[in-house]
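Topology and contacts: notes
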Amino acid sequence: MFARLRWVGVACFIAAIPIPALVIVSIINGLVPWTWIFPAIGCLGLSLGAFGTANDTALHALRSVGREGLSAAAAAELTQEEKVRPARLSQVHHSPKASFAIPLLAMMLIAYVVRNLIQAWSA
């Protein structure tokens, strides 16, 4: 489940990429105050955090389950992680509540900033 939840973070990040540029253009045009850059950067940060927490939780779950109960794709991912980043794999921690909360916060912040940008440009 958390492996699929990573893609929510990727989608949030893709949606958040143009937001800082749009905010900067809006600031230059005098449509919004300069302080709007902080939530714009927050959109990027929360979306990356959404991916990161879900990824760490998924890797922790893969490591905890063991190879016997894993699908072929999950076992291949675990093998790749062990080969590429063995030290990181031993240090990942799980945070299932944050894996649900952070994507929701990212989506809400992105929606809030986009709604306000639309209102600023349509005024």
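Residues numbered from 1 in each chain as written. Predicted model: local features only at pLDDT ≥ 70, side-chain atom pairs only at ≥ 80, totals over all residues. Heavy atoms only, no water.

Attention now goes to the nonpolar core. Counting 12 residues, the largest nonpolar core is built from Cys12, Ala16, Ile19, Val23, Ile37, Ala40, Cys43, Ala106, Leu109, Ile110, Val113 and Leu117. Contributions of two or more residues to this core are made by helix H1 (2-16), helix H2 (18-28), helix H3 (37-65) and helix H6 (96-122). (Core = buried A, V, L, I, M, F, W, Y, C linked by side-chain atoms within 4.5 Å. Buried < 20%, exposed > 50% of the residue type's maximum accessible area, 1.4 Å probe, protein only. Helix = DSSP H or I, 4+ residues; strand = E, 2+ residues; numbered from the N terminus.)

What follows covers the packing of H2 against H3. In the contact formed by H2 and H3, the axes pass within 8 Å of each other and the chain directions differ by 170 degrees. As far as their axial angle goes, H3 and H2 are roughly antiparallel. Where H2 approaches H3, its residues Ile19, Pro20, Val23, Ile24 and Ile27 are matched on the opposing element by Ile37, Ala40, Cys43 and Leu44. Residue composition of the contact of H2 with H3, grouped by class: nine nonpolar, no polar and no charged. (Axes fitted to C-alpha atoms, helices over the stretch in contact; angles between N-to-C directions. Parallel < 35°, antiparallel > 145°, perpendicular 65-115°, else oblique. Contact = heavy atoms within 4.5 Å. Nonpolar A, V, L, I, M, F, W, Y, C, P; charged D, E, K, R; others polar.)

Taken together, the side chains of Val25, Leu31 and Trp121 define a hydrophobic patch exposed on the protein surface, amounting to about 260 Å² of accessible area. Relative to the helices and strands, Leu31 resides in the loop between H2 and H3. (Patch = residues over 30% accessible without salt bridge, like charges linked within 9 Å, V, L, I, M, F, W, Y side chains within 5 Å. Areas by Shrake-Rupley, 256 points an atom, 1.4 Å probe, with all protein chains shown as cover. Salt bridge = Lys/Arg side-chain N within 4 Å of Asp/Glu carboxyl O.)

Next up on the list: the state of the cysteines. The full count for this structure, using the stated rule, is zero disulfides. In this structure Cys12 is not part of a disulfide, and its nearest cysteine sulfur, from Cys43, lies 9.4 Å away. With relative accessibility at 6%, the residue Cys12 sits in the buried group. On the basis of relative accessible area, Cys43 is assigned to the buried category, the value being 0%. (Disulfide = S-S within 2.5 Å.)

For H6, spanning 27 residues, the distance from its first C-alpha to its last is 40 Å, which sits close to the expected 39 Å at 1.5 Å a residue. Inspection of H6 places Ser99, Ile102, Pro103, Ala106, Leu109, Ile110, Val113, Asn116, Leu117 and Ala120 among the buried residues, and these make up the whole buried set. (Expected span 1.5 Å × (residues − 1).)

What follows deals with the environment of His94. Residue position: His94 is located in the loop between helix H5 (86-91) and H6. For the pair formed by His94 and Asn55, sequence separation is 39 residues and the distance between their alpha carbons is 9.1 Å. Setting aside anything within four residues of it in sequence, one finds His94 in contact with Thr57 and His60.

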